[in-house]
Amino acid sequence: KKNKIGLEMISSGINAEYGGCGKAREVRFGEWAGMIRDNFEEEFWCEEGYYRDTVGSELNTDKKLRPNQTFAMVVAPDLFEEARLTIALETVGTKLAGGLGMATLSPDDPEYEPFYNKSDRNCNYRTAHGFNYHQGPEWVWCMGFYLRAKLADLLRQADRNDGGGLDGRGVAQYFATVLAPHRAMIANTPYRGLTELTNKDGEYCPGSCPTQAWSSACILEFLVEWRTCRFAADQ
């Protein structure tokens with residue numbers, strides 16, 4: 001089915017309308033991938049030190065800082081310039097990393113609302129009925145992708161420098177510190193799992209599912225990758 005920006009999925013690729021002229025031509029998936037690769041940095045890199053959330057949005061979302069960029073860093077790292085990726089991870093870690101999860105919107109954003117209450121019946125549309133679900137509450141599964149992107153970046157740095165300049169024990173201590181709250185939650189909750197999300201700075205959120213598979217699974221994915229990396233031997 002054709003969407004509103006003129007792309008129609010077909011078996012061999014997409015039909016794309018260019019420039020609003022109504023004319024379409026088939027774009028093979030390989031060509032489409034190349035177009036994304038060739039234009040990604042120019043379109044998504046933001047001089048504030050992160051990758052923008054959207055491009056060409058009509059809803060004023062293009063420069064919002066969210067953790068979504070770390071998903072792309074994990075599944076398609078070749079899209080990124082390594083130096084910029086490192087800078088973006090520092091920005092994401094500083095601005096979005098919370099107690100257990102990643103804030104879904106930067107605290108610097110005027111629409112940031114980090115306290116989720118789906119039973120809220122007030123007249124503020126930004127929070128009523130849990131409208132702010134993705135506008136600041138800290139999602140735990142996103143932390144897994146951030147940690148995987150961070151680990152991969154540190155491994156690339158170590159490979160470039162033949163291990164020099166990076167303290168393996170320091171790296172291990174960093175990840176152990178980040179995951180300490182997760183370990184505590186698993187040990188102290190009856191579900192032996194990780195919650196869906198928290199409010200600001202890891203604060204308990206009554207509206208969150210108390211244990212959710214993807215929260216645990218994404219942290220486990222990081223731990224599997226950690227066990228086989230060069231830094232694990234320095235623990």
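Our structure is the block above this text.
What you are looking at is a predicted structure, and each value in this text was computed from that prediction instead of being measured. (Residues numbered from 1 in each chain as written. Predicted model: local features only at pLDDT ≥ 70, side-chain atom pairs only at ≥ 80, totals over all residues. Heavy atoms only, no water.)

**Q** It is not clear to me how the overall build of the protein chain should be interpreted in this structure. Could you clarify?
**A** Tallying secondary structure elements over the protein chain gives six helices and eight strands in all. When burial is assessed residue by residue, the protein chain has 41% of its 235 residues classed as buried. Here the analysis covers contacts within the protein chain between residues at least 6 apart in sequence; of these, 54% occur between residues at least 24 apart. Total accessible area computed for the protein chain in this model is approximately 13300 Å², and 53% of it derives from carbon and sulfur atoms. (Helix = DSSP H or I, 4+ residues; strand = E, 2+ residues; numbered from the N terminus. Buried < 20%, exposed > 50% of the residue type's maximum accessible area, 1.4 Å probe, protein only. Contact = heavy atoms within 4.5 Å. Areas by Shrake-Rupley, 256 points an atom, 1.4 Å probe, with all protein chains shown as cover.)

**Q** Got a minute to help me understand unusual backbone geometry in this structure?
**A** Leaving glycine out, the prevailing phi sign among residues is negative, and the prevailing peptide bond configuration is trans. Unlike most non-glycine residues, His 129 shows phi in positive territory, near 60°. The exposure class of His 129 is exposed, given its relative accessible area of 51%. Its identity as a non-glycine residue notwithstanding, Asp 201 has a phi of 60°, on the positive side. Relative to the helices and strands, Asp 201 is located in the loop between strand 8 (197-198) and helix 6 (213-227).

**Q** Would you mind showing me how to read the pattern of salt bridges here?
**A** For side chains bearing opposite charge, pairing can occur when the charged atoms are close. One pass over the full model with this rule turns up 15 salt bridges. With a closest N to O distance of 3.4 Å, Arg 66 and Asp 53 form a salt bridge. You can see Arg 66 sitting in the loop between strand 5 (50-51) and helix 2 (68-75) and its partner Asp 53 sitting in the loop between strand 5 and helix 2, a full 13 residues away along the chain. Residue classification places Arg 66 among the buried residues on the basis of a relative accessible area of 12%. According to the relative accessible area criterion, Asp 53 is partly exposed, its value standing at 22%. Notably, a salt bridge pairs Glu 90 with Lys 150, separated by 2.8 Å at the nearest N-O pair. A residue pair is termed long-range when its members are at least 10 positions apart, and Glu 90 in helix 3 (residues 82-96) and Lys 150 in helix 4 (residues 140-160) qualify at 60 residues. In this structure Glu 90 comes out as partly exposed when scored by relative accessible area, which is 43%. Judged by relative accessible area, which is 10%, Lys 150 ranks as buried. Sharing partners across several salt bridges, the network here consists of Glu 41, Glu 81 and Arg 84. (Salt bridge = Lys/Arg side-chain N within 4 Å of Asp/Glu carboxyl O.)

**Q** Sorry if this is basic, but what is going on with the side chain of Asp 153 here?
**A** Along the chain, the position of Asp 153 falls in helix 4. A residue is classified by how much of its surface remains accessible, and Asp 153, at 2% relative accessible area, is buried. Residues contacting Asp 153, with those up to four places away along its chain left out, are Glu 82, Leu 85, Thr 86 and Leu 89.

**Q** Before we go on, may I ask you to explain the nonpolar core in this structure?
**A** Across soluble globular proteins, you tend to see nonpolar side chains buried next to one another. Counting 46 residues, the largest nonpolar core has Met 73, Leu 147, Phe 175, Trp 226 and Phe 231 as the members making the most contacts within it. Those elements that place two or more of their residues in this core are strand 4 (45-46), strand 5, helix 2, helix 3, strand 6 (102-103), helix 4, helix 5 (168-188) and helix 6. Take this core: its biggest share by element is eleven residues, from helix 4. (Core = buried A, V, L, I, M, F, W, Y, C linked by side-chain atoms within 4.5 Å.)

**Q** Which parts of the structure should I look at to understand the state of the cysteines?
**A** Simply put, disulfide is the name for a covalent bond between the sulfur atoms of two cysteines. On inspection of all chains with the given rule, the structure shows zero disulfides. Summary of cysteine pairing: Cys 142 is not part of a disulfide, and the nearest cysteine sulfur, belonging to Cys 218, is at 7.9 Å. For Cys 142, a relative accessible area of 4% gives the class buried. (Disulfide = S-S within 2.5 Å.)

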